Amino acid sequence: MSAGWFRRRFLPGGPLPTPRPPGPRSSPVPYRRPRFLRGSGSGPGTADTSRRPRSRPVHSPARGRTLPWNAGYAEIINAEKSEFNEDQAACGKLCIRRSELGAEEDQEWLNLCPEEFLTGHYWALFDGHGGPAAAILAANTLHSCLRRQLEAVVEAVVAAQPPMHLSGHCVCPSDPQFVEEKGIRAEDVVIGALESAFQECDEVIGRELEASGQAGGCTALVAVSLQGKLYVANAGDSRAILVRRDEVRPLSFEFTPETERQRIQQLAFVYPELLAGEFTRLEFPRRLKGDDLGQKVLFRDHHMSGWSYKCVEKSDLKYPLIHGQGRQVTVLEMDQLELQEEDVVVMATDGLWDVLSNEQVARLVQSFLLRNREDPHRFLELAKMLIHSTQGMESGHTGEGQMSYDDISVFVIPLHAQGQRHSGH
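Residues numbered from 1 in each chain as written. Predicted model: local features only at pLDDT ≥ 70, side-chain atom pairs only at ≥ 80, totals over all residues. Heavy atoms only, no water.

1. Description of the environment of histidine 59
- By secondary structure assignment, the location of histidine 59 is in strand 2 (residues 58-60).
- Assessed through its relative accessible area of 22%, histidine 59 is described here as partly exposed.
- C-alpha separation for the pair histidine 59 and leucine 37, spaced 22 residues apart in sequence, amounts to 7.9 Å. (Helix = DSSP H or I, 4+ residues; strand = E, 2+ residues; numbered from the N terminus. Buried < 20%, exposed > 50% of the residue type's maximum accessible area, 1.4 Å probe, protein only.)

In structure tokens, the structure reads:
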């Protein structure tokens, strides 16, 4: 598939750029700041310089610009490390359409209606390495990848227990026991969709950068709300924490080596000759049979801790290489928490965490929200305050003189108003 095809499918707005001759080229997409920083006018948002007249300005959305869940956002560009801010951010509403099995003999999935069946929200931060191109591509692409992945499995997401076969057809009476034995839940299918979206987005970015002669990459930190749960997925050194009145809880961790199961699967992916044609690296809830051919069946690969669906091919009937369980995506069950007005999730790129610990951020958040309970824009102001706290002049819990010279982007997501609501209809 061509780079032009990917642009038309994944990159919103505007005509395609004119093809350029081979050789070093500019970024595959124009440099720009997050869409929600651009208000009704042409400016990039608001720049807060009142507290730091000689420092780099902190940019945030205009006060009339409401983000999902009334979340706060702020960012600051690095101290002349590069020409551009390599961080990118995105947030919005996820509208998942329902698909149902058609009556055709080939059992294709058809979109029966355009209206929403399941809705949620997402917030995402991307920190570019080697330039902003990969982060811009990810900000424009990941949410579309995630929506498609969720639409493909939405029937399993809303089920009490994901069926072994997505068609609902039970090949043998033992199918439910195999799924139950693995402990596969609806949230594992959402996790699988997140992981598959990360993988798809990574492939899109790789193709785009290669087509434009660019190099580089980016981290990704994503929070997705769906059916009363908040899913936090991370690849890189950004971080998310839950801050409550008497608690601070990590919701993501800096990227670490894969689990042993995933390591073995990835080894088989890179060196398929090690399988000797006798095994499959993919994991299924049970050993597949010939009757499973052509069915959409639960599976997971080396990049997944959740589960997704695939059509069974003949090669999948080989002996399974591994059997295991693991998790990299954190799931916060908001409807099981007694949430207070001060309970928030803080998401930030590494520039914040380089100088502030989880506990320091939590103390700043708790103190600020208690002092500003009547301010309707307190989460926006809190995001800006957290960035100011990294600029070497903030006193209090963090001490003085701590200075971050990196790009910093911060989301503050309040949970109280949403904790008891399910996004599904």
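2. Remarks on the pattern of salt bridges
- Going through the model one piece at a time under the given rule, you end up with 15 salt bridges.
- A salt bridge links glutamate 75 to arginine 33; the nearest nitrogen and oxygen atoms lie 3.0 Å apart. Residue glutamate 75 is found in strand 3 (residues 72-76), and its partner arginine 33 is found in the loop between helix 1 (3-10) and strand 1 (46-48); the two are separated by 42 residues along the sequence.
- The partner of glutamate 381 in a salt bridge is arginine 63, and the shortest N-O contact between them spans 2.8 Å. Residue glutamate 381 is found in helix 9 (residues 378-388), and its partner arginine 63 is found in the loop between strand 2 and strand 3; the two are separated by 318 residues along the sequence.
- For glutamate 381, a relative accessible area of 18% puts it in the buried group.
- One continuous salt-bridge network, built from bridges that share partners, spans Arg244, Glu247, Arg249 and Asp343. (Salt bridge = Lys/Arg side-chain N within 4 Å of Asp/Glu carboxyl O.)

3. Some details on the packing of aromatic side chains
- As enumerated under the stated definition, the model contains four aromatic pairs in all.
- Their ring planes at 65 degrees and their centres at 5.0 Å tell us that tryptophan 69 and tryptophan 123 sit as a pair that is edge-to-face. Taken together, the residues tryptophan 69 in the loop between strand 2 and strand 3 and tryptophan 123 in strand 5 (residues 109-129) connect sequence positions 54 residues apart.
- With relative accessibility at 12%, the residue tryptophan 69 sits in the buried group.
- Within the aromatic cluster, the residues linked to one another by ring pairs are Phe36, Tyr73 and Phe411. (Phe/Tyr/Trp six-rings, centres within 6.5 Å; stacked < 30°, edge-to-face > 60°.)

4. Topic: helix 5 (residues 186-211)
- The end-to-end C-alpha distance of helix 5 is 38 Å, a good match for the 38 Å that 26 residues give at a rise of 1.5 Å each.
- The element helix 5 is largely enclosed, with a buried count of 19 among its 26 residues.
- Among the residues trailing helix 5, glycine 213 stands out with phi positive, at a value near 70 degrees. (Expected span 1.5 Å × (residues − 1).)

5. Quick look at the nonpolar core
- Phe126, Leu150, Leu194, Val224 and Tyr231 are the most contacted members of the largest nonpolar core, which totals 46 residues.
- Within the residue set of this core, elements represented by two or more residues are strand 4 (87-101), strand 5, helix 2 (133-152), helix 3 (154-158), helix 5, strand 6 (217-226) and strand 7 (229-235).
- With eleven residues, the top contributor of residues to this core is helix 2.
- The contacts of valine 224, once residues within four sequence positions are left out, are Leu94, His121, Tyr122, Leu146, Leu194, Lys229, Leu230 and Tyr231.
- The next biggest cluster of nonpolar side chains, apart from the first, holds 27 residues, and it includes Ile241, Val243, Leu364 and Val410. (Core = buried A, V, L, I, M, F, W, Y, C linked by side-chain atoms within 4.5 Å. Contact = heavy atoms within 4.5 Å.)

6. Quick look at the packing of helix 8 (residues 358-371) against helix 9
- Two numbers describe how helix 8 lies on helix 9: the axes approach to 11 Å, and their chain directions differ by 140 degrees. Seen along the crossing, helix 8 lies across helix 9 with a hand that is right-handed. Across from Val361, Leu364, Val365, Phe368 and Leu369 in helix 8, the residues of helix 9 making contact are Arg378, Phe379, Glu381, Leu382, Met385 and Leu386.
- When grouped by side-chain class, the residues that make up the contact of helix 8 with helix 9 number nine nonpolar, no polar and two charged. (Axes fitted to C-alpha atoms, helices over the stretch in contact; angles between N-to-C directions. Left-handed = near helix turned anticlockwise from the far one by under 90°. Nonpolar A, V, L, I, M, F, W, Y, C, P; charged D, E, K, R; others polar.)

7. A short note on the environment of alanine 71
- Checked against the element boundaries, alanine 71 lands in the loop between strand 2 and strand 3.
- With 341 residues separating them in the primary sequence, alanine 71 and valine 412 have C-alpha atoms 5.5 Å apart.
- Not counting the four nearest positions on each side in its chain, alanine 71 is found in contact with Trp123, Phe379, Val412, Ile413 and Pro414.

8. Examining a nonpolar patch on the surface
- A contiguous nonpolar surface patch, about 480 Å² in accessible area, is contributed by Leu267, Phe269, Val270, Tyr271 and Leu274.
- One can find tyrosine 271 in the loop between helix 6 (260-270) and strand 10 (279-280). (Patch = residues over 30% accessible without salt bridge, like charges linked within 9 Å, V, L, I, M, F, W, Y side chains within 5 Å. Areas by Shrake-Rupley, 256 points an atom, 1.4 Å probe, with all protein chains shown as cover.)

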